[in-house]
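Notes for the structure review
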Amino acid sequence: MVSKEERVNRIRKINSDVADAIELREPERVPYIMHGGCPYAQWSNKIKVSEAMLDSELFAKACLNTIKRHDIDGFFPIGSSISKRMLKENELIEKSGVKYLVDPKSKKPILRISEDGFPEKIALVDKSLAMELNEENVKSVYIPSIQEMEEDGLADVIKIVAEEVGDKILLGSGASSADSNVISAIGFDQFLDATFEKPELLDMYLQKENQRVIREAILALKSGCHIVYTTASWSGLLTRETFLKFSYKYHQALVEEVHKQGGIVLFFASGFQAHLMDLYVSMKPDILLIDQDDIGWVKKNFGNKVCLQGNINPTDILRSSLEDIERKVKECIRKAGYGGGYIFDSSDELARDTSPSKVDFVIKTLRKFGKYPLQV
């Protein structure tokens, strides 16, 4: 295991303010890591999301142009285009202006490629396409090696961006979570049913998927990322007991593996997660990104244990007046910035149609009121 001091020192070589925040100290100013890899990066550069998802160089161009446009300390999640294998094995069609990947045998769509954000697995919204959870199907799930993932193009965007700016700005890319992968494949209802009816089979599937997640994380670090971003996007809908029994150990394993590889872990507490927040902190991520929960409450209860990030709503940046944006930025700083250990960010991806001038105003406001000692 690489010590936290060693891991943070690698970050410090690129950005001392972020390093200080991770160490729960007061930096010179509150840093900003932009949560804008998709769809803001594409839209603001007049690139269609659906086209970027099919072209790694186009995706990387959008990210690089966004990084160069704004005064930011870090940028994530970079993400990736759709894998070469998926494009090769399935048919790409367009219907009513929306692109789909279609299984050539069943002729059923498996992936919707929208203009608004990341591709959406059809199984999430169509129960008839969800994988049936049985032993044969679980055993047949294939988990590619790190080399296969690399050859599949899943790190191409990261490599292009890291090669140009990886020594100047902190970069982060996402690793999915085992429970999110499984829910995407079988649907949330079947996942919940399986916790009662097929717990051993469900755990077998989660264990396999966690191998994929860990390999994704290792590949991201190998390709030039400094921070691995992972999330418990479905966990807020789980009871504490269910999360502890079926999800916790896999999130924990990912955190430990990233630390072993010398990386920094950012854990996204997506949605309302107060009932699980202490468990997330106990997994010892380096940064905890707060979404819907009150960051002031999280700071009061856990700010002495983990660096916090967030939590202005991206919709507020999209729709609010400049006066309201200033007020909300100052509120984030006031709630989480005192004593250090805070990184500013929107609580999720910057929305499509967000004006770059508004983003610049957010940054200008942060630079004005985020200098230590704070006076907000």
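Here the structure is shown first, and the text comes after it.
A brief look at the structure comes next. Just so you know, these numbers come straight off a predicted model, no measurement behind them.

**Topic: the overall build of the protein chain**
- Of the regular secondary structure elements, the protein chain holds 19 helices and 12 strands.
- A compact globule built from 376 residues would reach a C-alpha radius of gyration of about 21 Å, and the protein chain, at 20 Å, matches this within 12%.
- Put simply, 70% of the contacts in the protein chain that link residues at least 6 apart link residues at least 24 apart.
- Total accessible area on the protein chain stands at roughly 16,500 Å², and carbon and sulfur atoms take up 49% of it.
- When the 51 positive and 57 negative side-chain charges of the protein chain are each reduced to one mean point, those points stand 2 Å apart.

**Thoughts on the side chain of Arg 7**
- Topologically, Arg 7 is positioned in helix H1 (residues 4-12).
- Of note is the side chain of Arg 7, whose polar atom sits 2.9 Å from the side chain of Asp 286.

**Overview of the pattern of salt bridges**
- Using the criterion set out here, one finds 25 salt bridges in the structure.
- Ionic pairing is found between Asp 152 and Arg 85, a salt bridge with its closest N-O pair at 3.8 Å. With Asp 152 in the loop between helix H8 (146-151) and helix H9 (156-165) and Arg 85 in helix H6 (residues 84-89), this pair connects stretches of sequence that are 67 residues apart.
- On the basis of relative accessibility, which here comes to 42%, the residue Arg 85 falls in the partly exposed class.
- Across the pair Glu 331 and Lys 335 runs a salt bridge whose closest N-O atoms are separated by 3.5 Å. Taken together, the residues span about one helical turn, with Glu 331 and Lys 335 both in helix H18 (residues 322-336) at a distance of four residues.
- Judged by its relative accessible area of 34%, Lys 335 falls in the partly exposed class.
- Among the charged side chains, a salt-bridge network with shared partners connects Asp 17, Arg 29, Asp 71, Asp 73 and Arg 367.

The rules behind each value
Each chain has its residues counted from 1, following the order in which its sequence is written. The predicted origin of the model limits local features to residues at a pLDDT of at least 70 and limits the giving and counting of side-chain atom pairs to 80 or more, whereas totals for whole chains, interfaces and linings rest on all residues. Side-chain metrics in this entry use all non-hydrogen atoms of the structure; hydrogen atoms and water are not considered. Strands here are runs of E lasting at least two residues and helices are runs of H or I lasting at least four, both read from the DSSP assignment and numbered beginning at the N terminus. When we talk radius of gyration, it's over C-alpha atoms, and the globule rule is simply 2.2 Å times the number of residues to the 0.38. Any two residues whose heavy atoms approach within 4.5 Å are treated as being in contact. The method behind every accessible area is Shrake-Rupley, applied with a 1.4 Å probe, and residues are considered shielded solely by the protein chains displayed. In this count, Lys and Arg are taken as positive residues and Asp and Glu as negative ones, while His and the chain termini are left out. Charge positions come from single atoms, namely NZ of Lys, CZ of Arg, CG of Asp or CD of Glu. For the purposes of these results, a polar contact is taken to be a pair of N or O atoms within 3.5 Å, where, inside protein, one atom must be able to donate a hydrogen and its partner to accept one; residues adjacent in sequence count only when each atom of the pair is a side-chain atom. Salt bridges are defined by distance alone: a side-chain nitrogen of Lys or Arg within 4 Å of a carboxyl oxygen of Asp or Glu. Under the scheme applied here, a residue whose accessible area is under 20% of the maximum for its type counts as buried, over 50% as exposed, and between as partly exposed, the area being computed with a 1.4 Å probe on protein chains only.

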